[in-house]
Amino acid sequence: MSFRKVNIIILVLAVALFLLVLHHNFLSLSSLLRNEVTDSGIVGPQPIDFVPNALRHAVDGRQEEIPVVIAASEDRLGGAIAAINSIQHNTRSNVIFYIVTLNNTADHLRSWLNSDSLKSIRYKIVNFDPKLLEGKVKEDPDQGESMKPLTFARFYLPILVPSAKKAIYMDDDVIVQGDILALYNTALKPGHAAAFSEDCDSASTKVVIRGAGNQYNYIGYLDYKKERIRKLSMKASTCSFNPGVFVANLTEWKRQNITNQLEKWMKLNVEEGLYSRTLAGSITTPPLLIVFYQQHSTIDPMWNVRHLGSSAGKRYSPQFVKAAKLLHWNGHFKPWGRTASYTDVWEKWYIPDPTGKFNLIRRYTEISNIK
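The structure presented is a predicted model; accordingly, all values stated were derived computationally and were not measured. (Residues numbered from 1 in each chain as written. Predicted model: local features only at pLDDT ≥ 70, side-chain atom pairs only at ≥ 80, totals over all residues. Heavy atoms only, no water.)

Along its length, the protein carries 11 helices and 12 strands. Within the protein, the proportion of its 371 residues that are buried is 50%. Summed over its atoms, the accessible surface of the protein is roughly 18,800 Å², and 54% of this surface lies on carbon and sulfur atoms. (Helix = DSSP H or I, 4+ residues; strand = E, 2+ residues; numbered from the N terminus. Buried < 20%, exposed > 50% of the residue type's maximum accessible area, 1.4 Å probe, protein only. Areas by Shrake-Rupley, 256 points an atom, 1.4 Å probe, with all protein chains shown as cover.)

Next up on the list: the pairing of strand β10 (residues 241-249). With 8 of 9 residues buried, β10 is to be regarded as a mostly interior element. When strand β5 (residues 166-170) meets β10, the two strands line up antiparallel, connected through 5 bridges. Counterpart to Lys166 in the pairing with β10 is Asn249. (Pairing = 2+ DSSP bridges.)

Now for the nonpolar core. Membership of the largest hydrophobic core comes to 53 residues, with the highest contact counts inside it found for Val68, Phe97, Ile99, Ile168, Met170, Ile180 and Leu183. Those residues within four positions of Val68 in sequence are excluded, and the remaining contacts are Ile87, Val95, Ile96, Phe97, Tyr98, Ile168, Met170 and Ile180. Listed in part, the 50 residues of the second largest apolar core include Val100, Phe128, Ala167 and Ile290. (Core = buried A, V, L, I, M, F, W, Y, C linked by side-chain atoms within 4.5 Å. Contact = heavy atoms within 4.5 Å.)

What follows deals with helix α2 (residues 77-89). The terminal C-alpha atoms of α2 lie 19 Å apart, and with 13 residues this matches the ideal 18 Å at 1.5 Å per residue to within 8%. In terms of burial, α2 is a largely internal element, 12 of the 13 residues being buried. Within the span of α2, buried status applies to Leu77, Gly78, Gly79, Ala80, Ile81, Ala82, Ala83, Ile84, Asn85, Ser86, Ile87 and Gln88. (Expected span 1.5 Å × (residues − 1).)

Bringing the packing of aromatic side chains into the picture now. Pairs of aromatic rings are described using the distance from one ring centre to the other and the angle between the two planes. What the rule picks out here adds up to 15 aromatic pairs. Residues Trp112 and Phe358 carry aromatic rings whose centres are separated by 5.8 Å and whose planes lie at 50° to one another, so their mutual orientation is tilted. Here Trp112, found in helix α3 (residues 106-113), pairs with Phe358, found in the segment after α11 (343-347); they are 246 residues apart in sequence, far enough to count as distant. For the residue pair Trp112 and Phe358, the accessibility class agrees, reading buried in each case. Aromatic side chains Trp253 and Phe292 sit 5.9 Å apart centroid to centroid with 55° between the ring planes, which places their arrangement in the tilted category. Separated by 39 residues along the polypeptide, Trp253 in helix α7 (residues 250-255) and Phe292 in the loop between α9 (285-291) and β11 (297-298) bring together distant segments of the chain. (Phe/Tyr/Trp six-rings, centres within 6.5 Å; stacked < 30°, edge-to-face > 60°.)

Now for unusual backbone geometry. Despite not being glycine, Asn257 shows a phi value in the positive range, around 55°. Tracing the backbone shows Asn257 in the loop between α7 and α8 (258-272). Residue class for Asn257 comes out partly exposed when judged on its relative accessible area of 43%. Non-glycine residue His307 carries a positive phi angle of around 70°. Tracing the chain through its elements places His307 in the loop between β11 and α10 (318-323).

Before going further, it helps to spend a moment on the confidence of the model for the protein. The predicted coordinates of low-pLDDT regions are not to be read in fine detail. Scored by pLDDT, the protein comes out at a mean of 83, with 75% of its residues at no less than 70. Low confidence marks residues 44-48, where pLDDT is under 50. Its contacts with residues over four positions away, or in another chain, come to 12 contacts. Overall, residues 206-213 carries pLDDT values under 50, and its contacts beyond four positions in sequence, including any with other chains, amount to 14 contacts. (pLDDT = per-residue confidence, 0-100.)

Now for α3. What α3 keeps buried is the set Ala106, His108, Leu109, Trp112 and Leu113. Down the axis of α3, the sector holding all buried residues measures 165°, keeping them to one side. (Arc of directions from axis to C-beta.)

Take the environment of Arg122 next. Following the sequence through the fold, Arg122 ends up in the loop between α3 and β4 (123-128). Looking at Arg122, the relative accessible area reads 18%, which means it is buried. In the structure, Arg122 is positioned 27 residues away from Val95 in sequence and 7.0 Å away in space, judged by C-alpha atoms.

The subject of this paragraph is the state of the cysteines. Taken as a whole, this structure holds 1 disulfide when the rule is applied. With a sulfur-sulfur separation of 2.3 Å, Cys200 is cross-linked through a disulfide to Cys239. Negative torsions about the S-S bond denote left-handed disulfides, and the value of about 125° found for Cys200 with Cys239 makes this one right-handed. Residue Cys200 is located in the loop between β7 (194-198) and β8 (208-209), and its partner Cys239 is located in the loop between α6 (227-230) and β10; the two are separated by 39 residues in the primary sequence. For Cys239, a relative accessible area of 15% puts it in the buried group. (Disulfide = S-S within 2.5 Å.)

Structure, rendered in structure tokens:
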């Protein structure tokens, strides 16, 4: 064997050894990164609790999965259960629920989902760690939502549903009366990461909240006296939208780093107080309004018929309520509370807590009389 061939063989072996070492280091780094994400405990998905047997509907396994994300806090758990039950009963689609909660609620939630009436639900319980919000939310006793971490779960959809390209988010104070597939099929315009229901739409009329100004435009949520807000050149009269129900294109969401953008404005608000002092709605609305200004699609307004919780009175006709695809009790008067409107519609989907921890509060009717 010539000296030249020996050199070539040595060179080839050296290159092979180098590539092996590089590959090993890469695997180690990947493993380390995975461990950091998991061990940080910020958003740690728990094992999927699928219930494939005893399905109430025949579901075609070839159907596209429809991820529905809903937050479930301990004090509102009955709301989430009713919402989930209403969705499941009104569709034959392949729905999987991503139920976002805190660690101390997971066992209670799971025991409720094991009820006979809910055994066909396919779901995954996802833990949300409040540490994710450090430095991004200023606790304000006058704004109760600021101290409820799950309110902000909607900002982190790509982390909560990592494998999905599209997802639906909805609050726990809703009842779905239509087939969720229709909402999921909402067409989003190119470059849009989400579709919302605007507050000026025909289904939900303009509402003026006493002491809080207009609830249907940007000035009701943002402080236009602040220079940073004025520099954005957003018209104060622009119609706002409701973030309690929306469809998200998660591919586009990730491409545009929407979560990072939302966190940026959350931090700036902590530092500079950019939100309106008489906030007209959810504390999650202002950063969403900024990030999605003139950059969002719209959903059918019948898929977010809201303000049912704005007062104890009935603002819609029985015919309109029956025709609505989704009813939303946003506001102070929740359907599981002492004073609320259209409680008969909501109670149709409520399933009593088998543990007895969650009870409806009713002024005139006993829980035993619930239909």
